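# Fold and geometry: a report
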Amino acid sequence: MSRFVLLICICIGSWLSCRSLRAVEPFQDVTKSVGLTGMSGGVAAWGDFNNDGWVDLFTGGQLWRNQQGKFTRVNDVPAIGPGIWGDFDNDGYLDLFGWSGKGMLLRNLQGKGFEAVNGLPELPTKVSLGATWGDFNGDGFLDLYVCGYEVWPSKEFPDVIWLNQKGERFVEHWLQKTIRRARGITPADFDEDGDLDLYVSNYRLQPNLLLQNDGKGTFKDVATEFKTAGDGGLGAWGHTIGSSWGDFDNDGHLDLFVGNFSHPPAYQDRPQFLRNLGPKGKFHFEEKSKTAGLHWQESYASPTLGDFDNDGQLDLFFTTVYPGNKSVLYRNQGDWRFKNVTAASKVNSDRTYQAAWADFDNDGYLDLTTDGKLFHNPGGMNHWLKVRIPGNGRANKGAIGAQVRIQLDKQVLTRQVEGATGQGNQNDFTMHFGLGSRTEPVNLEIRWPDGSRQQVETPVDRIIEVSRVRK
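Residues numbered from 1 in each chain as written. Predicted model: local features only at pLDDT ≥ 70, side-chain atom pairs only at ≥ 80, totals over all residues. Heavy atoms only, no water.

### Thoughts on the environment of Y330
Here Y330 lies in strand β26 (residues 328–334). The class of Y330 is buried, set by a relative accessible area of 1%. The sequence separation of Y330 and D315 amounts to 15 residues, and the corresponding C-alpha distance is 5.9 Å. Among all residues touching Y330, those that are not within four sequence positions of it are G293, L294, H295, Y300, D315, L316, F338, K339 and N340. (Helix = DSSP H or I, 4+ residues; strand = E, 2+ residues; numbered from the N terminus. Buried < 20%, exposed > 50% of the residue type's maximum accessible area, 1.4 Å probe, protein only. Contact = heavy atoms within 4.5 Å.)

### Details of the packing of aromatic side chains
Applying the stated criterion to the full structure yields 30 aromatic pairs. Both rings, one in F97 and one in W133, keep their centres 6.3 Å apart while their planes meet at 80 degrees; by these two values the pair is edge-to-face. Taken together, the positions of F97 in strand β7 (residues 95–98) and W133 in strand β10 (residues 131–134) put the pair 36 residues apart, joining distant regions of the chain. Across the pair, exposure class does not vary: F97 and W133 are buried alike. Residues W245 and F285 carry aromatic rings whose centres are separated by 6.1 Å and whose planes lie at 55 degrees to one another, so their mutual orientation is tilted. Placement of W245 in strand β20 (residues 239–246) and of F285 in strand β23 (residues 285–287) is noted, with a sequence separation of 40 residues between them. Residue class for W245 comes out buried when judged on its relative accessible area of 2%. An aromatic cluster of three or more residues is present, and its members are F248, F257, F273, Y300, F318, W336 and F338. A cation sits over an aromatic face here: R183 above Y203, 4.6 Å from the ring centre. (Phe/Tyr/Trp six-rings, centres within 6.5 Å; stacked < 30°, edge-to-face > 60°. Lys NZ or Arg CZ within 6 Å of the ring centre and 35° of its normal.)

### Some points on unusual backbone geometry
Between W152 and the following residue, P153, the backbone shows a cis peptide bond with an omega angle of 5 degrees. Here P153 is to be found in the loop between β12 (150–151) and β13 (155–156).

### Observations regarding the sheet that holds strand β1 (residues 28–29)
With antiparallel pairing, four strands are arranged side by side in an open sheet as β1-β30-β29-β28. A strand with exactly one partner marks an edge of an open sheet, and here the two such strands are β1 and β28 (355–358). Bridge analysis of β1 against strand β30 (residues 373–376) gives two bridges, and the strand direction is antiparallel. In the strand pairing of β30, D29 is matched with F375. (Pairing = 2+ DSSP bridges.)

### Thoughts on the nonpolar core
Counting residues in hydrophobic clusters, the biggest one holds 65 residues, and the most contacted among them are W85, W133 and I389. Among the elements that line this core, the one with the most residues is strand β14 (residues 160–164), at four residues. Formed by 15 residues, the second largest nonpolar core is a distinct cluster that contains Y199, W245, L256 and F285. (Core = buried A, V, L, I, M, F, W, Y, C linked by side-chain atoms within 4.5 Å.)

### Topic: the confidence of the model for the chain
Averaged over the chain, the pLDDT score is 92; the fraction of residues at 70 or greater is 94%. Taken as a whole, residues 1–21 scores under 50 in pLDDT and shows 31 contacts with residues more than four places along the chain or in a different chain. (pLDDT = per-residue confidence, 0-100.)

### Brief notes about the layout of surface pockets
Volume-wise, the largest pocket comes out at about 470 Å³. Considering the residues around the largest pocket, the lining is formed by 24 residues, among which D48, N51, R388, P390 and E465 are closest to the centre. Sort the elements by how many residues they give to the lining of the largest pocket and strand β31 (residues 383–388) lands first, with three residues. Grouping the constituent residues of the lining of the largest pocket by class yields eleven nonpolar, six polar and seven charged. (1 Å grid on protein atoms, 1.4 Å probe; cavity = no way out; pocket = protein on both sides within 12 Å on 5 of 7 lines; lining within 4 Å. Points joined across faces, edges and corners; volume = space filled by probe spheres on them. Nonpolar A, V, L, I, M, F, W, Y, C, P; charged D, E, K, R; others polar.)

### Let's talk about the side chain of E150
Looking at the secondary structure, you find E150 in strand β12. Within polar-contact distance, the side chain of E150 engages the side chain of R181 at 2.6 Å. Side chain to side chain, E150 and R204 meet in a polar contact 2.6 Å long. Contact partners of E150, with chain neighbours within four places excluded, come to V127, K155, E156, F157, R181 and R204. (Polar contact = N/O pair within 3.5 Å; in protein donor to acceptor, adjacent residues only side chain to side chain.)

### Here's the deal with the pairing of strand β17 (residues 197–202)
Across the six residues that make up β17, a large majority, six, are buried. The two faces of β17 match: D197, Y199 and S201 on one face and L198, V200 and N202 on the other face are all buried. In terms of strand pairing, strand β16 (residues 182–188) meets β17 through six bridges, oriented antiparallel. Within β17, the residue paired with A188 across the bridge is D197.

This is the structure in structure tokens:
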């Protein structure tokens, strides 16, 4: 058998497409054509605030309503600066929290407007670059973790956790004692015990935090023990701006990408791919950066993960913030190897912290907002599935913290509903699965934020909504 025929047989025999032989189609900058002229380049949060099935965009304090793939500016939103979506009162509509200054929470009035929520605790952070929603104590209501940053060079501010009191008010639950200079915060149930843990990205050569939840909203930093604090070879650690959770190797366990900014001295931490070893490895992590193929740039900033080519492998988009550096799109080739496809994709972006994925036109392929632009994904022949899972009962209505798994042969595709990613950004709540050449129905295992599980079978190439079955 010739080498050419053998290669074709190998590709056909796999459920994934033959990635290495397929060119990357260029993305198209559709910012103006879809009505986003004047869109801010500030951090971005995707969320369907009016529940019409078309994901809307909040960026740099601006709200843009998506009307079947076209956007209009919503001008009557109180000024809160950057923010993230979360349904804090469980009424089925996404609310907005902005972390600037004293902090502000906007209640969504059933998609028809917003009003400021009074009586919030005093925000001790003063200067913050990010926050995340998550039900940390398992009561079915979303709580808030807000990062504290700095006034350079001498002033720094603590992180804080606010607990939600049944959608009526918030109380301060925890205030950081050993202060770090945090820039990004991203949650995930990395140890699969049914509660939401947190990874905090710290700047100024400080170790990062992996905060393991006891299920009641009390956290223990296990970063050093679990090997996620950073290298710190000469005691320098790293300048981490943002990090992202995602299953890079399709083994069913959430891995971690740590987005380190780093100056030329070699002792400062470079960006890191960290593999979750799962229950056999007690959910500790091992570094896989050496084989990944990520080329060094000094000013790497905010990462975000999404399967842009629907081949079943999570890809990486990573921003930069210094002149001369360029944001990069890395295609996951499998086996912890990534290929720089920035030039072919024509995603032209530099000097930005903005990076978030969403399928804004509901065509089954993820689009990207970055650098004040919206890049439309041209799509391809691969199959896909989009899953929405509104919570009920003891699961928050936005289902932040929920995970969905799809078993395909020896691969387990895993996605989660994220409260935040990178530095201050938020991907769409709808979970997106690339399925490669798969055409048969698939089985979903839904792991709700309270630890309960649910099985659902569905055809592919569609958007589905799965309600939680009460027991």
